[in-house]
Amino acid sequence: MAFSENKIDVLKKIKASKSFEDLEKLRLYYLGKKGLIPEALKGLGSLSIEEKKSKGQELNIIKKEFEEGIKNQRTEIENIEISNRINLESIDVTLPPNISEKGKIHPISQTIFNIIEIFGNLNYAVETGPDIETDFNNFTALNIPEHHPAREMQDTFYVQDNGDKNVLRTHTSPVQVRTMLNTKPPIKIIVPGRTYRSDSDATHAPMFHQVEGLVIDTSSTMVDLKSTLVSFLEEFFEVKNLQYRFRPSYFPFTEPSAEMDVAYTKVNNKIKIGEGDKWLEILGCGMVNPIVLDNCNIDSKQYQGFAFGMGIERLSMLKYGITDLRSFFDPNYRWLDHYGFSILDNQTRSGL
Ligand code: PHE
């Protein structure tokens, strides 16, 4: 059987096919085992040797051109499919986020955002520092010399690191030292972050969070410290006329030092902060010890200021009615689903 179709027309049909199926149909029709070209090649047997040669050559060229055309068209269809898929799967980044119902903001993160927001409005900058600290930053510069009992008070985790004496920071206060060594006053910072002590029970975890505050200038006093802390706590706990008291205390890095208690009542077994006849210790604070200023190359004759530090888990437990500290660190989705926050709760946050 001779092949009588117009080669150009067939090539056009190949080029016009829009799917792999159409292309495969054409391939089978012309080039398949029983296709027109192999059949025509078989039919050459009855011809003379010369004719066989010239017709055979002609058919083989047509076969090659068809194969080539099909191969090119396959690539063409592939490219079209890929670009269609890219168009379909493209993401419009200007659309509002698709907030998943799973996944919540952890109460500790929420509390930190909340603290930053309140102090941000009071013009405090946020500083951070590393979890592994030098002995100097964590203790010595803060007026806690070697063999001082305050070192034992803090149940320190020591880290062996190239022979240097390093620790997992036991408080956020070493970031005071870092900041004072690197910045000229006035300084007005808060430092939220992880801290570590070798201690574990219902109210203590080996890793926990603190937020530190430090103000250094030429005029800040204990009065400024008090009013700052009172307005922070009133805003954080959403109470007016917070009842509080300052008790004299001791920290090597502040002088004088105090601890602040807030009044509370229990309503239906839940703690309500603000007023009542019971007291709850909430933070430590004081005027920065001049020895610390001098250790950090700040002239204690010219500058003064205050510092405070509080536990973030504590604040979070009191605000959200969480009773066991350890639950913060359990990978328990149902707990997080209950106590966690939706991303939309934080719409007012900027840059975090
Ligand atoms: N660093 C102290 C602690 O961890 C808290 C504190 C900070 C006290 C700043 C006074 C001033 O217990």
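Not measured: the values here are computed from a predicted model.

A.B. asks: How do you make sense of the pairing of strand S7 (residues 244-251) when you look at a structure like this?
C.D. replies: Note: S7 against strand S8 (residues 254-267), 7 bridges, orientation antiparallel. Along S8, the bridge assignment pairs Ser249 with Ser257. Counting the residues in the hairpin turn of S7 and S8 gives 2 residues.

A.B. asks: Any chance you could explain the confidence of the model for the chain here in plain terms?
C.D. replies: Fine structural detail should not be taken from predicted coordinates in areas where pLDDT scores are low. Looking at the chain, pLDDT values average 91 and 95% of them are 70 or higher. Confidence drops under pLDDT 50 across residues 347-352; counting only partners more than four residues distant or on other chains, this segment forms 6 contacts.

A.B. asks: What is the right way to read the layout of surface pockets from this model?
C.D. replies: To locate leftover empty space, one rolls a probe as large as a water molecule over the atoms. Reported here for the largest pocket is a volume of approximately 1,300 Å³. Around the largest pocket, the lining is made up of 45 residues, and of these Thr203, His204, Glu281, Gly311 and Arg314 lie nearest the centre. For the lining of the largest pocket, the secondary structure elements donating two or more residues are helix H7 (149-153), strand S6 (207-217), S8, strand S9 (270-273), strand S10 (278-288), strand S11 (304-311) and helix H11 (312-320). If one sorts the elements of the lining of the largest pocket by residue count, S10 sits on top with 6 residues. Class assignment for the residues of the lining of the largest pocket results in 20 nonpolar, 15 polar and 10 charged. Each pocket or cavity is described by its volume, and for the second largest pocket that value is around 220 Å³. A per-element tally of the lining of the second largest pocket places helix H4 (residues 49-89) first, with 4 residues. Grouping the constituent residues of the lining of the second largest pocket by class yields 8 nonpolar, 2 polar and 3 charged.

A.B. asks: Would you explain the environment of Pro185 in this entry?
C.D. replies: Along the chain, the position of Pro185 falls in the loop between helix H8 (174-182) and strand S5 (187-196). A relative accessible area of 14% means that Pro185 is categorised as buried. With 33 residues separating them along the chain, Pro185 and Thr218 place their C-alpha atoms 8.6 Å apart. The contacts of Pro185, once residues within four sequence positions are left out, are Ile216, Ile298 and Tyr303.

A.B. asks: It is not clear to me how the nonpolar core should be interpreted in this structure. Could you clarify?
C.D. replies: Side chains of a nonpolar character, in soluble globular proteins, are inclined to be buried together. Counting 46 residues, the largest nonpolar core has Ile115, Phe232, Leu233, Phe237, Ile282, Phe308 and Leu315 as the members making the most contacts within it. It is helix H5 (residues 107-121) that contributes the most residues to this core, 7 residues altogether. Sequence-distant contacts of Ile115, that is, excluding residues within four places in its chain, are made with Ile190, Val211, Phe232, Phe236, Ile312 and Leu315.

A.B. asks: Whenever I open this one, the domain arrangement of the chain confuses me. Can you help?
C.D. replies: It is common to report an interface's size as the accessible area lost on association of the parts. According to the domain assignment, the chain consists of domain 1 (7-88) and domain 2 (107-350). Computed over C-alpha atoms, the centres of domain 1 and domain 2 are 78 Å apart.

A.B. asks: Any chance you could explain the pattern of salt bridges here in plain terms?
C.D. replies: Think of it this way: side chains of opposite charge can pair up when their charged atoms draw near. In this structure the tally under the stated criterion is 15 salt bridges. Between Glu89 and Arg85 there is a salt bridge, and its shortest N-O distance comes to 3.4 Å. Of the two residues, Glu89 and Arg85 both sit in helix H4, 4 residues apart, roughly one turn of that helix. We classify Glu89 as exposed; its relative accessible area is 54%. Taking the relative accessible area as the measure of exposure, Arg85 reaches 54% and is therefore exposed. The closest approach of N and O atoms between Lys104 and Asp337, which form a salt bridge, is 3.4 Å. In this pair, Lys104 is assigned in the loop between H4 and H5 and Asp337 in helix H12 (residues 333-339), connecting sequence segments 233 residues apart.

A.B. asks: It is not clear to me how helix H9 (residues 222-236) should be interpreted in this structure. Could you clarify?
C.D. replies: Since one α-helical turn is 3.6 residues long, residues separated by three or four positions face the same way. Spanning 15 residues, H9 covers 21 Å between terminal C-alpha atoms, matching the ideal 21 Å at 1.5 Å per step. For H9, every residue scored as buried is listed here: Leu225, Thr228, Leu229, Val230, Phe232, Leu233 and Phe236. Looking one or two residues past H9, Glu238 carries a phi angle of roughly 55°, positive in sign.

A.B. asks: Where do I start with unusual backbone geometry in this structure?
C.D. replies: In most cases, non-glycine residues show a negative phi, while peptide bonds are predominantly trans. Following Pro185, the chain continues into Pro186 via a peptide bond in cis, with omega recorded as 5°. A cis amide bond, omega 0°, links Glu255 with the succeeding residue Pro256. Looking at where Pro256 falls in the secondary structure, it is placed in strand S8. With a phi close to 70°, Asn269 is a non-glycine residue in the positive phi region. You can see Asn269 is positioned in the loop between S8 and S9.

A.B. asks: Looking at this structure, how should I read the packing of H5 against H11?
C.D. replies: Across the interface, H5 lies against H11 with an axial gap of 9 Å and an inter-helix angle of 100°. In terms of axis orientation, H5 runs roughly perpendicular to H11. Across the interface between the two elements, Pro107, Ile108, Gln110, Thr111, Ile112, Asn114 and Ile115 from H5 touch Ile312, Glu313, Leu315, Ser316, Lys319 and Tyr320 from H11. Per-class residue counts for the contact of H5 with H11 are 7 nonpolar, 4 polar and 2 charged.

Rules used in this analysis
- Residues numbered from 1 in each chain as written.
- Predicted model: local features only at pLDDT ≥ 70, side-chain atom pairs only at ≥ 80, totals over all residues.
- Heavy atoms only, no water.
- Pairing = 2+ DSSP bridges.
- Helix = DSSP H or I, 4+ residues; strand = E, 2+ residues; numbered from the N terminus.
- pLDDT = per-residue confidence, 0-100.
- Contact = heavy atoms within 4.5 Å.
- 1 Å grid on protein atoms, 1.4 Å probe; cavity = no way out; pocket = protein on both sides within 12 Å on 5 of 7 lines; lining within 4 Å.
- Points joined across faces, edges and corners; volume = space filled by probe spheres on them.
- Nonpolar A, V, L, I, M, F, W, Y, C, P; charged D, E, K, R; others polar.
- Buried < 20%, exposed > 50% of the residue type's maximum accessible area, 1.4 Å probe, protein only.
- Core = buried A, V, L, I, M, F, W, Y, C linked by side-chain atoms within 4.5 Å.
- Domains from an automatic or database assignment.
- Salt bridge = Lys/Arg side-chain N within 4 Å of Asp/Glu carboxyl O.
- Expected span 1.5 Å × (residues − 1).
- Axes fitted to C-alpha atoms, helices over the stretch in contact; angles between N-to-C directions.
- Parallel < 35°, antiparallel > 145°, perpendicular 65-115°, else oblique.

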